[in-house]
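These are the residues of each chain, in order.
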Amino acid sequence: MSVRGPRAIAVLCARCLAVLVVVNLLGLAVAYAVMGSDVAAGSVVAAALAYFPAVATIAALLIAVVGFPAGLLAARLLSGQRREGVHVLVFASVGALLAMTLCGWWGMLGITGWAWFVAAAEGAVGAGGARWWSGRAHARAVPWSDVQGAALPWGKIGP
């Protein structure tokens, strides 16, 4: 499946932001459940939720300014590759690398030892998840015959 062009990459960037928002909100819910329902846990989660709109806005700007050109370049380099898994893996790798680079550039990775892993996971999940989602949406939009659909690794999607 080929998901190329500025419009497709812009949609992919919007999906990346959506994936990051959902994953981080779920992460906050899990953190709250693990920490318990005492006052300290509630205040930590409340503080994180208070800053969440600002963090999501910064993420949206970074995705637009840095992720969009990187996505265009990655899609261009992958134009001859037909395997969907390779596209998802490359976009996840590019997302992880960009997230670690941006966080390292601002000095945000020296706070804790595992911050590199968190930055890489955020980028990989955001970009890789968005690329997977875009590929699946594109596969649903393309009318496949039964023979073509049966040849796909995941089988025919849609009616």
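Structural notes, computed from the coordinates.

Cut-offs used in this document
- Residues numbered from 1 in each chain as written.
- Predicted model: local features only at pLDDT ≥ 70, side-chain atom pairs only at ≥ 80, totals over all residues.
- Heavy atoms only, no water.
- Helix = DSSP H or I, 4+ residues; strand = E, 2+ residues; numbered from the N terminus.
- Buried < 20%, exposed > 50% of the residue type's maximum accessible area, 1.4 Å probe, protein only.
- Areas by Shrake-Rupley, 256 points an atom, 1.4 Å probe, with all protein chains shown as cover.
- Salt bridge = Lys/Arg side-chain N within 4 Å of Asp/Glu carboxyl O.
- Phe/Tyr/Trp six-rings, centres within 6.5 Å; stacked < 30°, edge-to-face > 60°.
- Lys NZ or Arg CZ within 6 Å of the ring centre and 35° of its normal.
- Patch = residues over 30% accessible without salt bridge, like charges linked within 9 Å, V, L, I, M, F, W, Y side chains within 5 Å.
- Polar contact = N/O pair within 3.5 Å; in protein donor to acceptor, adjacent residues only side chain to side chain.
- Core = buried A, V, L, I, M, F, W, Y, C linked by side-chain atoms within 4.5 Å.
- Contact = heavy atoms within 4.5 Å.

### Quick notes on the overall build of the protein chain
Now for step 1: A count of helical and extended segments in the protein chain gives 5 helices and 0 strands.
Now for step 2: Seen in sequence order, the protein chain has helices and strands lined up from the N terminus as α-α-α-α-α.
Now for step 3: Among the 159 residues that make up the protein chain, the fraction classed as buried is 31%.
Now for step 4: Working note: accessible area of the protein chain is about 9,600 Å², and carbon and sulfur atoms make up 73% of it.

### A look at the pattern of salt bridges
Now for step 1: In the structure shown here, the tally under the stated rule is 1 salt bridge.
Now for step 2: A salt bridge links Arg 131 to Glu 84, with the nearest nitrogen and oxygen atoms 2.9 Å apart. Placement of Arg 131 in helix 4 (residues 115–141) and of Glu 84 in helix 3 (residues 84–105) is noted, with a sequence separation of 47 residues between them. Both residues of the pair, Arg 131 and Glu 84, count as buried.

### Here's the deal with the packing of aromatic side chains
Now for step 1: One pass over the structure, following the stated rule, counts 0 aromatic pairs.
Now for step 2: Residue placement shows Arg 15 over the ring face of Trp 133; its charged tip is 5.1 Å from the ring centre.
Now for step 3: One residue, Arg 131, lies across the ring of Phe 91, its end atom 5.9 Å from the ring centre.

### Section: a nonpolar patch on the surface
Now for step 1: A grouping of Trp 114, Phe 117 and Val 118 is seen on the molecular surface, where their side chains present a nonpolar patch of about 360 Å² in accessible area.
Now for step 2: Along the polypeptide, Val 118 turns up in helix 4.

### A few points about the side chain of Arg 131
Now for step 1: According to the relative accessible area criterion, Arg 131 is buried, its value standing at 0%.
Now for step 2: Polar contacts involving the side chain of Arg 131 include one to the side chain of Glu 84, which spans 2.9 Å.

### Here's the deal with the nonpolar core
Now for step 1: Ile 9, Leu 12, Cys 13, Cys 16, Leu 20, Ile 63, Ala 74, Ala 75, Leu 78, Phe 91 and Ala 130 together form the largest nonpolar core, which totals 11 residues.
Now for step 2: Residue assignment for this core shows that the elements contributing at least two residues are helix 1 (6–35) and helix 2 (39–77).
Now for step 3: For this core, the element with the most residues is helix 1, which contributes 5 residues.
Now for step 4: Look past the residues within four positions of Leu 12 in its chain and what remains in contact with it is Phe 91, Ala 130, Arg 131 and Ser 134.

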